[in-house]
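# Tertiary structure, described
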Amino acid sequence: MLAEADKQVLQATGEIAATHAIVPCGAGSVAEAVTAHYKAPGRESRAAIIAVEPTDAACLQESLKAGQSVTVQTKDTIMNGLNCGTLSTTAWPVLKAGIDVSVVISDAESHAAVRDLTANRISAGPCGAATLAALKKVCFDADAKGKLGLDDSSVVVLYCTEGLRDYPVPT
Ligand SMILES: Cc1ncc(COP(=O)(O)O)c(C=O)c1O
């Protein structure tokens, strides 16, 4: 998936590599793979990594704040696949070293991103669309945007881990 994404990005941009990658995080294994890929020692072009979690299942964000892997009490979310209270033990050291910014989003923000993507004929469920919601969030946060060096020349890869499915629409 990661090698294919690299290839598609170069084709789509005329040989400009990704500058940022956004990945959903539950127990952290997908984010671990994405982080290890873009931050591999031998890789020519490194990308900043943004991880996104539900507000009520933010074990990565809380662990980054604590400087150690911590367990959080989670609540129901439409992002079911991201509803994890503890990180994978192998993922944590990789994420600690490699995640540039951790973002949390609400169910309403995830749902809005599902709708945006659907309107653009992209099939994404709440976990998949979470990465678009995270991009919007960092773009509205001057500090995070500056820290990440996000600007008009950025090439951002949004990893979508879930196709459109039924879920209870947040009210
Ligand atoms: C749809 C979906 N997206 C993302 C993830 C997150 O994967 P990980 O638990 O490796 O962080 C999961 C996990 O089950 C999932 O079901």
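Reading the values: the criteria
Residues numbered from 1 in each chain as written. Predicted model: local features only at pLDDT ≥ 70, side-chain atom pairs only at ≥ 80, totals over all residues. Heavy atoms only, no water. Axes fitted to C-alpha atoms, helices over the stretch in contact; angles between N-to-C directions. Helix = DSSP H or I, 4+ residues; strand = E, 2+ residues; numbered from the N terminus. Parallel < 35°, antiparallel > 145°, perpendicular 65-115°, else oblique. Left-handed = near helix turned anticlockwise from the far one by under 90°. Contact = heavy atoms within 4.5 Å. Nonpolar A, V, L, I, M, F, W, Y, C, P; charged D, E, K, R; others polar. Polar contact = N/O pair within 3.5 Å; in protein donor to acceptor, adjacent residues only side chain to side chain. Core = buried A, V, L, I, M, F, W, Y, C linked by side-chain atoms within 4.5 Å. Buried < 20%, exposed > 50% of the residue type's maximum accessible area, 1.4 Å probe, protein only. Salt bridge = Lys/Arg side-chain N within 4 Å of Asp/Glu carboxyl O. Near = heavy atom within 4 Å.

Below, the discussion takes up the packing of helix α1 (residues 2-13) against helix α2 (residues 29-38). Helices that pack against each other are described as a pair by the angle of their axes relative to one another and the distance between those axes. Relative to each other, α1 and α2 sit at 55 degrees, their axes nearing to 11 Å. Considering the angle they form, α1 stands oblique to α2. Both α1 and α2 take part in a crossing whose hand is right-handed. Listed contacts from α2 to Leu2, Ala3 and Asp6 of α1 are Ala33, Val34, His37 and Tyr38. Looking at the contact of α1 with α2, its residues break down into five nonpolar, one polar and one charged.

Further remarks concern the environment of Met79. Inspection of the secondary structure assignment puts Met79 in the loop between α3 (59-66) and α4 (91-98). Setting aside anything within four residues of it in sequence, one finds Met79 in contact with Pro54, Ile105, Ser106, Asp107, Ser110, Pro126, Cys127 and Ala130.

Take Thr55: it is sitting in the loop between β2 (48-54) and α3. For the pair Thr55 and Gly14, spaced 41 residues apart in sequence, the C-alpha to C-alpha distance is 37 Å. Discounting residues that sit within four places of it in the chain, Thr55 has contacts with Val104, Ile105 and Ser106. A distance of 3.5 Å separates a polar atom in the side chain of Thr55 from the backbone nitrogen of Ser106.

Ranked by internal contacts, the top residues of the largest apolar core, which has 26 residues, are Met79, Val103, Ile105, Val138 and Leu148. Mapped onto this core, the elements with two or more residues apiece are β2, β3 (101-105), α5 (107-119), α6 (126-139) and α7 (142-148). Broken down by element, this core gets its largest block of residues, eight residues, from α6. With near-sequence residues (within four places) excluded, Leu148 lies in contact with His20, Ala48, Ile50, Asp100, Val101 and Val138. One finds Leu2, Ala47, Ala91 and Leu95 within the second-largest nonpolar core, a separate group that totals 24 residues.

All right, on to the pattern of salt bridges then. Under the criterion given, the structure shown has six salt bridges. One salt bridge in this structure joins Glu62 and Lys65, with 3.2 Å as the shortest N-O distance. Of this pair, Glu62 and Lys65 are both found in helix α3, three residues apart, which corresponds to roughly one turn of the helix. In this structure Glu62 comes out as partly exposed when scored by relative accessible area, which is 30%. Look at Lys65 and you get exposed, because its relative accessible area is 60%. A salt bridge links Arg165 to Glu162; the nearest nitrogen and oxygen atoms lie 2.5 Å apart. Judged by its relative accessible area of 27%, Arg165 falls in the partly exposed class.

In the vicinity of the ligand, the contacting residues are Cys25, Gly26, Ala27, Gly28, Ser29, Val30, Gly81, Leu82, Cys127, Thr161 and Glu162. Taking Gly28, its main chain carries an N or O atom lying 2.7 Å from an oxygen atom of the ligand. Between the ligand and the protein, one listed contact pairs an oxygen atom with a backbone N or O atom of Val30 at 3.0 Å. For the shell around the ligand, the residue count by class is five nonpolar, five polar and one charged.

These results come straight from atomic positions and should not be treated as a statement about function.
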